[in-house]
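Observations on the three-dimensional arrangement
One letter stands for each residue in the lines below.
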Amino acid sequence: EVQLVESGGGLVTPGGSLRLSCVASGFPFSKDIMHWVRQAPGKGPEWVSYISSSSSYIYYADSVKGRFTISRDNAKNSVYLQMNSLRVDDTAVYFCAREGSPWFWGQGTLVTVSS
Amino acid sequence: DIQVTQSPSSLSASVGDRVTITCQASQDISNFLNWYQQKPGKAPKVLIYDVSNLETGVPSRFSGSGSGTDFTFTIDSLQPEDVATYYCQQYDELPYTFGQGTKLGIK
């Protein structure tokens, strides 16, 4: 059974940092493209970041470029999102997702940026 | 960036009705289009992938069609449990983008 379990969310003040983790199981993680997608309260999903299977290709949404860093550890079946210089408008549920036919999403972790 | 225009933004229909939602992409996205169902407090759930493929376990009353820039999602006989928000997603070109969502209710 495919599973993606995110963790690391929480409450942080503006300008702070958080590191999200996503542990995968049930599929050959090292072969798959992974993403982070977020959804602000009451809004639709927004793609955040992409990492290729070997970490050779990495892309970010303009809204997070220069502040967020995606990485993965294939030995640990994990993908990470380091979030720095957090802003109030980064408040959202963050999902990790496996690209494929079909895509598969985790259940998400809530990040709240507030003073 | 590829814009994905989804309509309508909200819809109310009776149990048993046929419901149709459309998504139009600003350029050809081949068959890289998914449809999701999202209920409050839950992650989006894939119903249809690559335009017309039904995800395992999803009832056959859900279907998808289209090509190039114009895509359609259909529920053949609306059930009470289908109350949710539905999104399309293109993944032909980064940044991957989503439609604005359709909030579906029961009359």
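Up top is the structure these notes are about.
Description of the overall build of chain A
In terms of regular secondary structure, chain A is built from zero helices and eleven strands. Beginning at the N terminus, the succession of helices and strands in chain A can be written as β-β-β-β-β-β-β-β-β-β-β. The C-alpha radius of gyration of chain A comes to 13 Å, within 12% of the 13 Å expected for a compact globule of 115 residues. The principal-axis extent of the C-alpha atoms belonging to chain A is close to 40 × 25 × 20 Å.

What to know about a negative patch on the surface
A cluster of acidic side chains, namely B:Asp1, B:Asp28, B:Asp92 and B:Glu93, defines a negative patch on the protein surface. For B:Glu93, the position within the fold is in the loop between β9 (84-90) and β10 (97-98).

As for the sheet that holds strand β7 (residues 62-67) of chain B
Backbone hydrogen bonds are what pair the strands of a sheet, in a parallel or an antiparallel way. Residue and element names in this part refer to chain B. Reading across from one edge, β1-β3-β8-β7 is the order of the four strands in this open sheet, with antiparallel pairing throughout. Lying at the two open borders of the sheet, with one neighbouring strand each, are β1 (4-7) and β7. This sheet shows a mean twist of 15 degrees between the axes of neighbouring strands, independent of strand direction. By the bridge criterion, six bridges tie β7 to strand β8 (residues 70-75) in an arrangement that is antiparallel. Across the sheet, residue Gly64 finds its bridge partner in β8, namely Phe73.

With respect to a nonpolar patch on the surface
Residues and elements named next belong to chain B. Taken together, the side chains of Val15, Val83 and Ile106 define a hydrophobic patch exposed on the protein surface, amounting to about 210 Å² of accessible area. Summarising the element assignment, Val83 is placed in the loop between β8 and β9. Here Val83 falls in the partly exposed class, since its relative accessible area comes to 37%.

Section: unusual backbone geometry
With an omega of -5 degrees, the peptide bond between B:Ser7 and B:Pro8 qualifies as cis. Here the bond from B:Leu94 into B:Pro95 is cis, since omega is -5 degrees, no more than 30 degrees from zero. The topology assignment puts B:Pro95 in the loop between β9 and β10. For A:Asn77, which is not glycine, the phi torsion reads 50 degrees and is therefore positive. Even without a glycine there, the phi angle at B:Val51 is positive, about 75 degrees.

Some details on the environment of A:Glu6
All names here are of chain A. Following the sequence through the fold, Glu6 ends up in strand β1 (residues 3-7). Judged by its relative accessible area of 9%, Glu6 is buried. Between the C-alpha atom of Glu6 and that of Asn84, which follows or precedes it by 78 residues, the distance is 18 Å. Apart from residues no more than four positions distant in its own chain, Glu6 is found in contact with Ser21, Cys22, Trp36, Tyr94, Phe95, Cys96, Gly106, Gln107, Gly108 and Thr109.

Considerations on the state of the cysteines
All names here are of chain A. Here the structure, examined in full by the defined rule, presents two disulfides over all chains. The disulfide partner of Cys22 is Cys96, and the S-S distance across this bridge is 1.9 Å. Its torsion about the S-S bond being 50 degrees, the disulfide of Cys22 and Cys96 is classed as right-handed. A residue pair is termed long-range when its members are at least 10 positions apart, and Cys22 in strand β3 (residues 18-25) and Cys96 in strand β9 (residues 92-98) qualify at 74 residues. Each member of the pair, Cys22 as well as Cys96, carries the same accessibility label: buried.

Some thoughts on the pattern of salt bridges
All names here are of chain B. One pass over the full model with this rule turns up nine salt bridges over all chains. Salt-bridge contacts for Arg61 lead to Glu81; the nearest nitrogen and oxygen are separated by 3.6 Å. Separated by 20 residues along the polypeptide, Arg61 in the loop between β6 (53-54) and β7 and Glu81 in the loop between β8 and β9 bring together distant segments of the chain. Looking at Arg61, the relative accessible area reads 18%, which means it is buried.

Calculation criteria
Within any chain, residue numbers begin from 1 and follow the written order of that chain's sequence. Just so you know, chain letters begin at A and ligand numbers begin at 1, following the order they were written in. For a predicted model such as this one, the threshold for reporting local features is a pLDDT of at least 70, and the threshold for listing and counting side-chain atom pairs is 80 or more; totals across whole chains, interfaces and linings nevertheless cover every residue. For the side-chain quantities, the full set of heavy atoms in the structure was used; hydrogens and water were omitted. Runs of E in the DSSP output that reach at least two residues are strands. Runs of H or I that reach at least four are helices, and both are numbered from the N terminus. For a compact globule the rule gives 2.2 Å times the number of residues to the power 0.38, and the radius of gyration it is set against comes from C-alpha atoms. Note that patches include only residues with greater than 30% relative accessible area and no salt bridge, and the join distances are 9 Å for like charges and 5 Å for nonpolar side chains (Val, Leu, Ile, Met, Phe, Trp, Tyr). Per-residue and other accessible areas were derived by the Shrake-Rupley procedure at a 1.4 Å probe size, with only the shown protein chains allowed to occlude residues. Any Lys or Arg side-chain nitrogen found within 4 Å of a carboxyl oxygen on Asp or Glu counts as a salt bridge. Positive charges are assigned to Lys and Arg, negative charges to Asp and Glu, while His and the chain termini are left out of the count. Charged side chains are reduced to one point each, which is NZ for Lys, CZ for Arg, CG for Asp and CD for Glu. Pairing between two strands requires that DSSP report at least two bridges joining them. Fitted lines through C-alpha atoms give the axes, limited to the stretch in contact for helices. The angle between two N-to-C directions lies from 0 to 180 degrees. Using a 1.4 Å probe on the protein chains alone, a residue whose accessible area is under 20% of its type maximum counts as buried, one over 50% counts as exposed, and one in between counts as partly exposed. Two residues qualify as a contact provided that any one of their heavy atoms is within 4.5 Å of a heavy atom in the partner residue. Count a disulfide wherever a pair of cysteine sulfur atoms falls within 2.5 Å.

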